[in-house]
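A closer look at the structure
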Amino acid sequence: EGDFLFGEDQTPKYIRKPFYIGKYPVTNAQYKLFIDADPLHPVPSHWDSQRRIYPKGKELHPVVNVTWEDAKVFCQWHGCRLPTEVEWERVARGTDGSSCPWDESDDWIGGKFCNSSEAGTGDTTPVDDFPEGVSSEDVWDLIGNVWEWTATTEGYFGIVVRGGSWREDAEGILATARSAIPPETIQDNIGFRCAR
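The numbering scheme is per chain: residues are counted from 1 as the chain's sequence reads. Owing to the predicted nature of the model, reporting of local features is limited to residues with pLDDT of at least 70; listing and counting of side-chain atom pairs is limited to 80 or more, with chain, interface and lining totals taken over all residues. Here the side-chain values reflect all heavy atoms present in the structure, with hydrogen atoms and water set aside.

Secondary structure is summarised from DSSP: a helix means a run of H or I of at least four residues, a strand means a run of E of at least two, and numbering begins at the N terminus for each. Across its full length, the chain holds three helices and six strands. If you list the helices and strands of the chain from N to C, you get β-β-α-α-α-β-β-β-β. We take the radius of gyration over the C-alpha atoms and set the globule estimate at 2.2 Å times the residue count to the 0.38 power. Taking 196 residues into account, the globule formula puts the C-alpha radius of gyration at 16 Å, and the chain, at 16 Å, falls close to it. Its C-alpha atoms give the chain principal-axis dimensions of roughly 50 × 35 × 30 Å. Across the 196 residues of the chain, 51% fall into the buried class. Within the chain, contacts between residues separated by at least 24 positions form 63% of all contacts whose residues are at least 6 apart in sequence. With a 1.4 Å probe rolled over the protein chains alone, any residue whose accessible area is under 20% of its type maximum counts as buried; one over 50% counts as exposed, and the rest are partly exposed. A contact between two residues is defined here by any heavy atoms of the two lying within 4.5 Å.

Structure follows, in structure tokens:
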């Protein structure tokens, strides 16, 4: 809870209630527990639909190819919810208006802090691959790797996603990076994390 600076224009915001946020984005292994508990829920499109399992070796990668509704249902099943856009940004930039979770005085080196296009992976990476990019509150993988669904709506059809992904370069993965997309969107660079 408390004050922080929000958005590119650093508008003062105040969060009234304390909240928890997932240390990592939801992984394939965690999503598999949900899929096993609900045999009727469809699996992400890149999973083996017969065996209802994620690709081999990707248990610690963030789950992707999930809609906003999939993310909400998982969070409800887990006793959580999606973070709001304001909560997400507060965790990503701290209280000092930083443009990233890590120390901004460190020189940017592609592949050091997060999985952006400069890292050259061409795909998601495990959620614990970038210890240099951890926030001051020990939250991992906020920037890059996957855009993250939030609980915030914008306009009639848009749901706000935050953080950029493995496809964006340094300019597209700032703590203020945002986009609004239709809730039924399924992409290989959009995932989510839980809050409470």
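Picking up after the structure, the text goes on.
Okay, the pairing of strand E4 (residues 158–162) next. Among the five residues in E4, five count as buried, and that is most of the element. Residue alternation in E4 divides its side chains into two sets, Gly158, Val160 and Arg162 and Ile159 and Val161, and both sets are buried. As paired elements, E4 and strand E5 (residues 178–181) share four bridges and run antiparallel to each other. In the sheet register, Arg162 faces E5, and the bridge partner there is Arg178. Two strands are counted as paired when DSSP detects at least two bridges linking them.

What follows deals with the packing of aromatic side chains. Only the six-membered ring of Trp is used, alongside the rings of Phe and Tyr, when aromatic pairs are assigned; centres must lie within 6.5 Å, and planes under 30 degrees apart are stacked while those over 60 apart are edge-to-face, with the rest tilted. Applying the stated rule across the entire model yields 15 aromatic pairs. Summarising the aromatic geometry, the rings of Trp47 and Tyr54 are spaced 5.7 Å apart at their centres and angled 75° between planes, so their arrangement reads as edge-to-face. For the pair shown, Trp47 and Tyr54 are each scored as buried. Relative to Phe113, the ring of Trp108 has its centre 6.0 Å away and its plane inclined at 20°; by these criteria the two rings are stacked. For Phe113, a relative accessible area of 2% translates into the label buried. An aromatic cluster is defined as three or more aromatic residues linked by ring pairs; in this entry it consists of Tyr31, Phe34, Trp47, Tyr54, Phe74, Trp77 and Phe192. The positively charged end of Lys13 is found above the aromatic ring belonging to Phe6, 5.1 Å away from the centroid. In this analysis the charged atom, NZ for Lys or CZ for Arg, is taken to sit over a ring once it is within 6 Å of the ring centre and within 35 degrees of the ring normal.

Turning our attention to empty space enclosed by the protein. Space inside and on the surface of the protein is sampled on a 1 Å grid over the protein atoms alone, with a cavity defined as a set of points where a 1.4 Å probe fits but cannot get out and a pocket as an open set with protein on both sides within 12 Å along at least 5 of 7 lines; lining residues have an atom within 4 Å of a point. Grid points are joined across faces, edges and corners, and a volume is the space filled by probe spheres set on the points. Going through the model one piece at a time under the given rule, you end up with one cavity of 30 Å³ or more. Within this model, the largest cavity holds a volume of roughly 40 Å³. In this structure, the largest cavity is lined by Trp102, Phe113, Cys114, Phe130, Gly133, Asp141, Leu142 and Ile143. Each residue belonging to the lining of the largest cavity can be placed in one class, and the counts come to six nonpolar, one polar and one charged. All amino acids are sorted into three groups, where Ala, Val, Leu, Ile, Met, Phe, Trp, Tyr, Cys and Pro are nonpolar, Asp, Glu, Lys and Arg are charged, and the leftover types, Gly among them, are polar.

As a further point, take the pattern of salt bridges. Opposite charge on two side chains permits pairing when their charged atoms draw close. Salt bridge, as applied in this entry: a Lys or Arg side-chain nitrogen positioned within 4 Å of an Asp or Glu carboxyl oxygen. According to the stated counting rule, one finds 14 salt bridges in the structure shown. A salt bridge links Glu85 to Arg162, with the nearest nitrogen and oxygen atoms 3.0 Å apart. Pair noted here: Glu85 is in helix H3 (residues 85–93) and Arg162 is in strand E4, with a separation of 77 residues, a long-range link. For the residue pair Glu85 and Arg162, the accessibility class agrees, reading buried in each case. It is possible to trace a salt-bridge network through shared partners that takes in Glu85, Glu89, Arg93, Glu154, Arg162 and Arg178.

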